[in-house]
Amino acid sequence: MNSPEERFQAIVDAEEKIEPTDWMPEGYRKTLIRQIAQHAHSEVIGMQPEGNWITRAPTLHRKAILMAKVQDEAGHGLYLYSAAETLGVKRDEMQELLHQGKHKYSSIFNYPTLNWADIGAIGWLVDGAAITNQVMLTRCSYGPYSRAMVRICKEESFHQRQGYELLLRLSRGSSEQKEMLQDSVNRWWWPSLMMFGPHDGDSTHSEQSMNWKIKRVSNDDLRQQFVDMTVPQAEYLGVELPDPEIRWNPDRGHYDFGEVDWEEFWRVVKGNGPMNRERVEHKVRAWEDGAWVREAASAYAAKQAMSEVA
Ligand code: FAQ
């Protein structure tokens, strides 16, 4: 066992972490930069659909929760950009690639938030799907990513519960509130299932990422886990999931469910979903408007460093 690749794989197979200064195959580094950057971009772009409702939250209490949640997403973006930077890529470079449409972010954030129940549905379904995926990432072979995920999962768990609690309130409310809840779940269910990515057979990266223990569970297995967890929660809410094929399958010990519209998935991933253009334009505008803050922070840091030397 002499080649660097073999030694690397042996460390991974022994469930030890790979750290930034360790030798790693170029493909491993590239895969991690791609996935962590996509993940960070998702957290940051993901602030937009919810941020849209901060000024319209129905009570001060709900506004405070929503502001805390949106700030958490910004924080997740920062941990993740920092984790990606340990692999030798610069934060500004990642921003540039996102702004040019060369980096992806999760398809889910290209759907609009049309009513207040959407804020609950994002917490329940989107954060619920995000946690299902991210719990496995706490065991990722790359140390900085796995450690960032531990903290992120704790916060996502709060996000998921606040969303469910919001919907629970609506489900016990007026008939208009119940309709709003059902309308929202109708629109967010399928896009949430798409968050797990294509079927395993169509997944470009899964096999290699599983060998490197970046991913620990396949896209389809995670999607199934999410459906199994969510169906009883929907029953308790008294809401219908918009899929007539959902039923318990005692032979498999899982819920069966219908087929995702993969054409829609790829259309959104390729930049042609309902909100893709608007999301990226907004992101670029925020980056440009915030240039003076970054310049001021850098000037302040340089001044501090000078005074420490003096
Ligand atoms: N959207 O070969 P695979 C959140 C692309 S965080 C867009 O299976 P992989 C928190 C994929 O990149 C949500 N593109 O890919 C929050 C690849 O294209 P490429 C984000 C997608 O990487 C809540 C191609 O398809 N979470 O929600 C999607 O092995 C509320 C082939 O796919 C993460 O990023 C998609 N859904 O598996 C924030 C978790 N799916 O790069 C605010 C980390 C696939 O070759 C509010 N990421 N693609 O051009 C992962 O676990 C993985 O990257 C997967 C995809 C599972 C997403």
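Residues numbered from 1 in each chain as written. Predicted model: local features only at pLDDT ≥ 70, side-chain atom pairs only at ≥ 80, totals over all residues. Heavy atoms only, no water.

**Student:** Now, about the overall build of the protein chain: what can you tell me, with residues and values included?
**Tutor:** Counting its secondary structure elements, the protein chain contains 13 helices and 2 strands. Its C-alpha atoms give the protein chain a radius of gyration of 21 Å, within 12% of the compact-globule value 19 Å for 310 residues. Seen along its three principal axes, the alpha-carbon backbone of the protein chain occupies a region of about 65 × 50 × 30 Å. A buried classification covers 48% of the 310 residues belonging to the protein chain. Accessible area for the protein chain stands at about 15800 Å²; split by element, carbon and sulfur atoms hold 54% of it. (Helix = DSSP H or I, 4+ residues; strand = E, 2+ residues; numbered from the N terminus. Rg over C-alpha atoms; globule rule 2.2 N^0.38 Å. Buried < 20%, exposed > 50% of the residue type's maximum accessible area, 1.4 Å probe, protein only. Areas by Shrake-Rupley, 256 points an atom, 1.4 Å probe, with all protein chains shown as cover.)

**Student:** Go over helix H5 (residues 91–99) with me, naming the residues and quoting the values.
**Tutor:** A turn of α-helix holds 3.6 residues, and therefore any two residues three or four places apart point the same way. Residues of H5 that are buried include every one of Met94, Gln95, Leu98 and His99, and no others. Each buried residue of H5 lies within a common arc of 135 degrees when the element is viewed along its axis, so the set occupies one face. Looking at the packing, one finds that the buried side of H5 touches helix H2 (26–45), helix H4 (60–85) and helix H12 (276–289). Among the residues trailing H5, Gly101 stands out with phi positive, at a value near 80 degrees. (Arc of directions from axis to C-beta. Contact = heavy atoms within 4.5 Å.)

**Student:** Please give an account of the site of the ligand that cites residues and values.
**Tutor:** Not every one of the 37 residues close to the ligand is listed here, only the nearest: Lys104, Ser107, Ser203, His205 and Lys215. Lys104 is positioned with one of its side-chain polar atoms (N or O) 2.5 Å from an oxygen atom of the ligand. Taking 1100 Å² as the accessible area of the ligand by itself, protein coverage stands at 92%. Put simply, the parts of the chain that give the shell around the ligand at least two residues each are H2, H4, helix H6 (117–137), helix H7 (143–171) and helix H11 (262–269). Among the elements that line the shell around the ligand, the one with the most residues is H6, at 7 residues. (Near = heavy atom within 4 Å. Polar contact = N/O pair within 3.5 Å; in protein donor to acceptor, adjacent residues only side chain to side chain.)

**Student:** An account of the packing of aromatic side chains is requested, with residue identities and associated values reported.
**Tutor:** Considering all chains together, one arrives at 12 aromatic pairs under this definition. Ring geometry for Trp262 versus Phe265: centroids 5.4 Å apart, planes at 85 degrees, classification edge-to-face. Taken as a pair, Trp262 and Phe265 lie in helix H11 at a separation of 3 residues, close to a single helical turn. Each member of the pair, Trp262 as well as Phe265, carries the same accessibility label: buried. One aromatic cluster in this structure is built from Phe8, Trp23, Tyr28, Tyr142 and Trp212. (Phe/Tyr/Trp six-rings, centres within 6.5 Å; stacked < 30°, edge-to-face > 60°.)

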